[in-house]
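One letter stands for each residue in the lines below.
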Amino acid sequence: MKKYDLIVIGSGPGGYVSAIRSAQLGLKTAIVEKYSSLGGTCLNVGCIPSKAILDSSERFFSANKHFSEHGINFNNVNFDIKKMMERKDKIVKQTCNGLNFLMKKNKIDVYKGTASFQNKSSITVNSDKLSNEIQSEYFIIATGSKPTELAGIKNDKKRIISSTQALSLKEVPNELIIIGGGVIGIELGSVYARLGTKITVLEYSDYLINSFDKSLSKELKKILIKNLSFDIQLNFEVKTVKSVGNKVIITGLNKNKEEIIYKTDYCLLSVGRSPYTKGLNLNKIGIKLSASGKIIVDNNLKTNVSNIFAIGDVIDGPMLAHKAEEEGVYVAEYISGQKPHLNYNLIPNVIYSWPEVASVGKTEQELISSGIKYKVGDFPFKALGRSRVSGDLDGFVKVLADEISDEILGVHMIGPRVADLISEAVVAMEYRASAEDIARICHAHPTFSEAIKEAALNASEKRALHI
Ligand code: FAD
Ligand code: NAI
């Protein structure tokens, strides 16, 4: 029987990154993946394909709505969804194939099949064709998550769909109703709205993207209604969802408790994701799960079985690729005897709508509820030269700083390219910068990044220059 120093179960961004880091550190490493391609949710049915079609749809929308302002005129701008999906599939394939190369380069053995614990130092890997038993000193469970299902609502994968099917529709729907106004609902709703679909969002809570700073939720709602004609129903309680022929019938109660019936072409269920541990046989080795099915780990990401670790979506915390990656690196370094560092307060959160949304650190609501005294500095993109030249005038940057020390506690932005801009805030906060530190750093002109400097000037001393 083959024996490894480390076996990683699951090849998403948590799993494959931890395998690479372990191999770099000299551990004899294997990775097990039950799907035919490596890369997990992120590469196959998550981050990469969604960003590919977000990009295509935004170009089409821009060509239709904005090119003429620049003097660029077309006789007939049309859209070929088949071509968009083929491009997306090609990008996914190339990215996943890149992982095969990285596994080879780092001499990581790849096993295809479902991993199942036999005892705390061995697993079987079962595929259609064979069953392999392999041993290891350490394991990392990185089995990710699956879309959460709503009780009594059957995802038929044709008309009532999850993000996985929404990433591969063969037609542009006339109408799409999205249950859940979180990250997936906003991103995939934006894709189809740009292509001409009438989007209705039914959200249970009183805010869209309710884990973000509420100022971002409100601004995003306004922008989606203004730019993409979203119909957004908050405080909506969905009761039933049924496929009838080529339509979906949805019933529920609106915020005034009136019964509403919708008839639509497709219904996207995007009400969160749940940890995935099926088939691992965790009972057999006594690994403890929380009430919501997440694997319980300590501060070093160790489960209650001392040689088995867990990372990524299958444990607590934000379900984000870069969070899974950081945890993967952490465990690889920890079991190699290093003293790694991971600051959960500084995991940025991004939504790839247009304009984009990005956030790091504490929200204003969190600061209020923990009684921390803070100052706020904000700056609208419309006051920025760079935004005027590109026509990206929506949104703002908001910097929250400690009232006394001026240390930056949170940065929340909605605007052009803020997905990239947020890194400045993460770096500053990692080094515990004050708002004044950012305000005194020279930012190139004209760039979107000047909005961060101006917001920091406002947070520090209420002295933004361009407003
Ligand atoms: P996963 O990526 O879910 O990988 C787990 C892997 O484990 C899977 O390949 C699975 O087949 C395998 N597996 C499970 N059980 C077994 C077993 N018993 N044996 C062998 N293999 C097994 N995050 C971002 O940060 N940015 C984004 O832009 C973004 N966009 C997203 C868009 C969509 C539509 C979705 C659905 C998610 C998106 N996410 C994004 C979230 C991101 O995809 C996840 O947070 C990330 O993939 C989690 O990584 P992971 O390694 O924990 O698990
Ligand atoms: P989410 O947690 O972002 O949003 C789910 C929404 O559904 C919430 O607003 C919630 O209030 C609502 N909801 C729950 N039950 C409901 C019900 N019965 N009726 C109506 N609304 C209901 O989850 P989502 O959008 O499914 O995404 C899953 C995960 O994937 C997220 O945690 C996110 O981090 C990750 N992801 C990240 C992306 C990124 O980083 N850009 C992109 C897409 C997904």
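All values derive from a computational prediction rather than experimental measurement.

> Would you take a moment to explain empty space enclosed by the protein for this structure?
Taking a probe equal in size to a water molecule and rolling it over the atoms shows the remaining empty space. Under the counting rule described, the total for this entry stands at 1 cavity of 30 Å³ or more. Each pocket or cavity is described by its volume, and for the largest cavity that value is around 30 Å³. Lining the largest cavity we find Val399, Ile408, Val411, Ala425, Ile438, Ile452 and Ala456. Mapped onto the lining of the largest cavity, the elements with two or more residues apiece are strand E22 (408–415) and helix H14 (450–461).

> Just checking my understanding: could you explain the packing of helix H1 (residues 13–24) against helix H9 (residues 321–335) for this structure?
Between two packed helices, the angle of one axis relative to the other and the distance separating the axes together describe the packing. Interhelical geometry of H1 versus H9 gives an angle of 30° and a closest axis separation of 7 Å. Regarding the angle of H1 to H9, the classification is roughly parallel. In this structure, H1 crosses over H9, and the sense of that crossing is right-handed. The segment H1 lies against H9, with Pro13, Gly14, Val17, Ser18, Arg21 and Ser22 engaging Ala321, Ala324, Glu325, Gly328, Val329, Ala332 and Glu333. Class assignment for the residues of the contact of H1 with H9 results in 6 nonpolar, 4 polar and 3 charged.

> For this particular structure, what's the right way to read the site of ligand 2?
Within the structure, ligand 2 sits among 20 residues, and Ile184, Glu187, Glu203, Gly272 and Val350 are positioned closest to it. The separation between an oxygen atom of ligand 2 and a polar side-chain atom of Glu203 is 2.6 Å. One of the backbone nitrogen or oxygen atoms of Met319 is found 3.1 Å away from an oxygen atom of ligand 2. Starting from 840 Å² of accessible surface for ligand 2 in isolation, the protein chains cover 77%. At 3 residues, the largest contribution of residues to the shell around ligand 2 is made by helix H6 (residues 183–195). Counted by class, the shell around ligand 2 contains 11 nonpolar, 5 polar and 4 charged residues. Summarising the domain contributions, the shell around ligand 2 has at least three residues from each of domain 1 (3–147 + 274–344) and domain 2 (160–271).

Here is what the cut-offs are and how they apply
Residues numbered from 1 in each chain as written. Chains lettered and ligands numbered in written order. Predicted model: local features only at pLDDT ≥ 70, side-chain atom pairs only at ≥ 80, totals over all residues. Heavy atoms only, no water. 1 Å grid on protein atoms, 1.4 Å probe; cavity = no way out; pocket = protein on both sides within 12 Å on 5 of 7 lines; lining within 4 Å. Points joined across faces, edges and corners; volume = space filled by probe spheres on them. Helix = DSSP H or I, 4+ residues; strand = E, 2+ residues; numbered from the N terminus. Axes fitted to C-alpha atoms, helices over the stretch in contact; angles between N-to-C directions. Parallel < 35°, antiparallel > 145°, perpendicular 65-115°, else oblique. Left-handed = near helix turned anticlockwise from the far one by under 90°. Contact = heavy atoms within 4.5 Å. Nonpolar A, V, L, I, M, F, W, Y, C, P; charged D, E, K, R; others polar. Near = heavy atom within 4 Å. Polar contact = N/O pair within 3.5 Å; in protein donor to acceptor, adjacent residues only side chain to side chain. Areas by Shrake-Rupley, 256 points an atom, 1.4 Å probe, with all protein chains shown as cover. Domains from an automatic or database assignment.

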